[in-house]
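Structure at a glance
What follows is the residue order along each chain.
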Amino acid sequence: MPIFENDVLERRRQRAADAFGDDPPIVLFGAGKPVQIPGGQDQTYPFIPYPEYYWLTGSRRWGGVLAYDPGDSWRHFVRPVSQNERLWEGGGEDVEGEDVAGLKCWLDQRPGRPVAVIGGAVENVKNDPQRAAALQISIDGVRRRKDAAEVALIERAAAATAAGHARARETIRPGVSERRIRIELEAEMFRQGADGAAFDTIVGAGTHAAVLHFEPGDRIVEPDDLVLIDAGASIAGYAADVTRTYPAADRFTPRQQAIYDLVLAAQLEAISTCRKDVEWHEVHRAAAAVIALGLCDLGILRGEPDVLLDSGAISLFLPHGVGHMVGLGVRDVGGLAAGREVSVHCGIRMRVDLPLEEDFLMTVEPGVYFVPALLDDPERRERFANMVNWDALASWRPVGGVRIEDNVLITAGDPRILTAEIPK
Ligand code: GLY
Ligand code: MN
Ligand code: MN
């Protein structure tokens, strides 16, 4: 069964063609090719097609090229199935498209026309990099809005992720290792239809929760630890990305609970601001403002919330952006609105900086962390000398960190949380 129906692909191609404007060049979307594992001889890393190619063809096969001639039509060239492939990998019966060897002839019939290549390189083609860069911006703008077929796949990934988190929650108790939790979580995601993890699963117990992308290891969960889990299933390249922070035993310690409540309040506030036309950096600021006030109440920060945000002091405890675009892969399109440079908000260089539109899918994932590398940095200690109660920090450091992350679809009305099934 194809991943996407033909009418879905046709609508996407029409949206892309509309975005390319009146006088586009010939456009070639390359699938890319596998990367060899160093020293691996015939071994390659798992192949992931370039997203534009996959989105427009529904094919995850390497070596293909989708060609668009604005005066003519779309043509899909594919790598034919070889005998060797049938021997080692099987399948291949359902590969639809023309032999990629015919691409040269197709291009020769269009002499002197500029060509822009998007995605994987296409051999023996003279790419026009300036036109390609302009078209990349156009196709990014189109792809940011998720269509119903994409949302359906992400909902399946979210359901498998929910099952994985539920299994992890059952597994967590004093005495189990981070690694064991990961194994149980991923196994359950696979059982529920995942074809992979969308990214390396993060399980951090105690102070390991303060490492943003921690790789689970042999550490044994202690009774007073919290456990931060950031995991997501992948189905046909579509991802969910969900963080929950759980107590090791029945309940959090009072300090863990205080930080948890604060992060949850920040996340709910940020989600409530996820509406059409709102600037993403305002969503970040909404979360940061709740955290700044809360950390003042807890005696960790001092000063006016606006000053704590504008000076960047808040980034000692919230050292990452509030989220990113998710969907086709764990980091989908994202980026900056046309004409913008990367700017700093609340002490963070925002890699996503654009106004929200209907059908954008964003992660909303504020956190509060006690990161030794930040809190012990002499330059930061001097810069924020008067804004932090440095003496109070020792008693908070064992908390490690708390992050809560959901996947939020922007609609014409209230935001829709695709991962709401996972308790928090
Ligand atoms: N799952 C990794 C992240 O949220 O950045
Ligand atoms: Mn995550
Ligand atoms: Mn994320």
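Up top is the structure these notes are about.
First, a word on scope: everything that follows refers to the structure included in this document. (Residues numbered from 1 in each chain as written. Chains lettered and ligands numbered in written order. Predicted model: local features only at pLDDT ≥ 70, side-chain atom pairs only at ≥ 80, totals over all residues. Heavy atoms only, no water.)

**Quick word on the overall build of the chain**
We count it as follows: In DSSP terms, a helix is any run of H or I states spanning at least four residues, a strand is any run of E spanning at least two, and both are numbered starting from the N terminus. Here the globule rule reads 2.2 Å times residues to the power 0.38, and the radius of gyration is calculated from C-alpha atoms. The buried label applies to any residue whose accessible area, calculated with a 1.4 Å probe on protein chains only, is under 20% of its type's maximum; exposed applies above 50%, and partly exposed to all values in between.
The number of helices and strands found in the chain is 12 helices and 18 strands. A compact globule built from 424 residues should have a C-alpha radius of gyration of about 22 Å, and the chain, at 24 Å, falls within 12% of that. With respect to the three principal axes, the spread of C-alpha positions in the chain is 75 × 45 × 45 Å. Sorting the 424 residues of the chain into buried and exposed places 51% on the buried side.

**Some points on the packing of aromatic side chains**
For clarity, the cut-off: A pair of Phe, Tyr and Trp rings is counted when the ring centres sit within 6.5 Å of each other, with Trp represented by its six-membered ring. The angle between the planes then sorts it: under 30 degrees is stacked, over 60 is edge-to-face, the rest tilted. Counted as over-ring charges are cases with an Arg CZ or a Lys NZ within 6 Å of the ring centre that also lie within 35 degrees of the ring normal.
For the structure shown, the criterion picks out 11 aromatic pairs. Connected via pairs of aromatic rings, a cluster forms that spans Phe20, Phe29, Tyr68 and Trp74. The aromatic ring of Phe4 is capped on one face by Arg12, whose charged end is 4.0 Å from the ring centroid. Above the face of the Trp106 ring, Arg110 is positioned so that its terminal group lies 4.0 Å from the ring centre.

**Things to note about the coordination of the manganese ion (ligand 2)**
Let me state the cut-off plainly: Listed donor atoms are N, O and S within 2.8 Å of the metal (Na, K and Ca: 3.2 Å). As water is not included, a site may look incomplete. Working rule for geometry: tetrahedral if four donors all subtend angles between 85 and 135 degrees; square planar for four, octahedral for six, if opposite donors exceed 155 degrees and the others stay between 65 and 115; irregular in every other situation.
At the metal site, the manganese ion (ligand 2) is ligated by Asp230 (OD), Asp230 (OD), Asp241 (OD) and Glu405 (OE), and these contacts range over 2.1 to 2.4 Å. Coordination at the manganese ion (ligand 2) is irregular, judged from the six donor atoms that bind it and the angles of 58 to 171 degrees they form at the metal. Expressed as a motif, the donor residue spacing for the manganese ion (ligand 2) is D-x10-D-x163-E. Here the manganese ion (ligand 2) and the manganese ion (ligand 3) are spaced 3.1 Å apart, linked through Asp241, which binds each one.

**Quick word on helix α9 (residues 280-297)**
For the record, the criterion: Given a helix with a known number of residues, its expected span is that number minus one, times 1.5 Å. The criterion used for residue contact is that any of the two residues' heavy atoms lie within 4.5 Å.
Taking 1.5 Å per residue, 18 residues should reach 26 Å; α9 reaches 26 Å between its end C-alpha atoms and fits that length. Among all positions in α9, only Trp280, His281, Val283, His284, Ala286, Ala287, Ala288, Ile291, Ala292, Gly294 and Leu295 are buried. In this structure, the buried side of α9 is in contact with α8 (254-272), α10 (305-310), β12 (344-345), β13 (348-349), β14 (361-364) and β15 (367-369). Of the residues flanking the end of α9, it is Gly299, one or two places downstream, whose phi is positive at about 80 degrees.

**Side note on the site of ligand 1**
Worth spelling out the cut-off: Throughout, near means a residue has at least one heavy atom within 4 Å of the molecule or strand. Think of a polar contact as two N or O atoms within 3.5 Å of one another; within protein, one of them needs to be a possible hydrogen donor and the other a possible acceptor, and neighboring residues in sequence only count if both atoms come from side chains. Under the convention used here, a 1.4 Å probe and the Shrake-Rupley method define accessible areas, while residue burial counts only the protein chains that appear. Only Asp, Glu, Lys and Arg are considered charged in this grouping, and only Ala, Val, Leu, Ile, Met, Phe, Trp, Tyr, Cys and Pro are considered nonpolar; every other residue, Gly among them, is considered polar.
The full set of residues close to ligand 1 is Phe199, His213, Asp230, Asp241, His324, Arg331, Glu365 and Glu405. A distance of 3.2 Å is found between a nitrogen atom of ligand 1 and a side-chain nitrogen or oxygen belonging to Asp230. Taking Arg331, its side chain carries an N or O atom lying 2.8 Å from an oxygen atom of ligand 1. About the coverage of ligand 1: the protein hides 92% of its 190 Å² of free accessible area. Class assignment of the residues belonging to the shell around ligand 1 gives a composition of one nonpolar, two polar and five charged.

**Section: the sheet that holds strand β17 (residues 406-409)**
What counts is decided by this rule: Strands were regarded as paired on the criterion that DSSP finds at least two bridges between them.
One open sheet holds the three strands; their spatial order is β14-β17-β18, and the pairing between them is antiparallel. The open sheet terminates on both sides in strands that have one partner only, identified here as β14 and β18 (416-417). Bridge analysis of β14 against β17 gives four bridges, and the strand direction is antiparallel. Looking at the pairing, Leu361 lines up with Leu409 of β17.

Without other data, these values stay purely geometric and don't point to any function.
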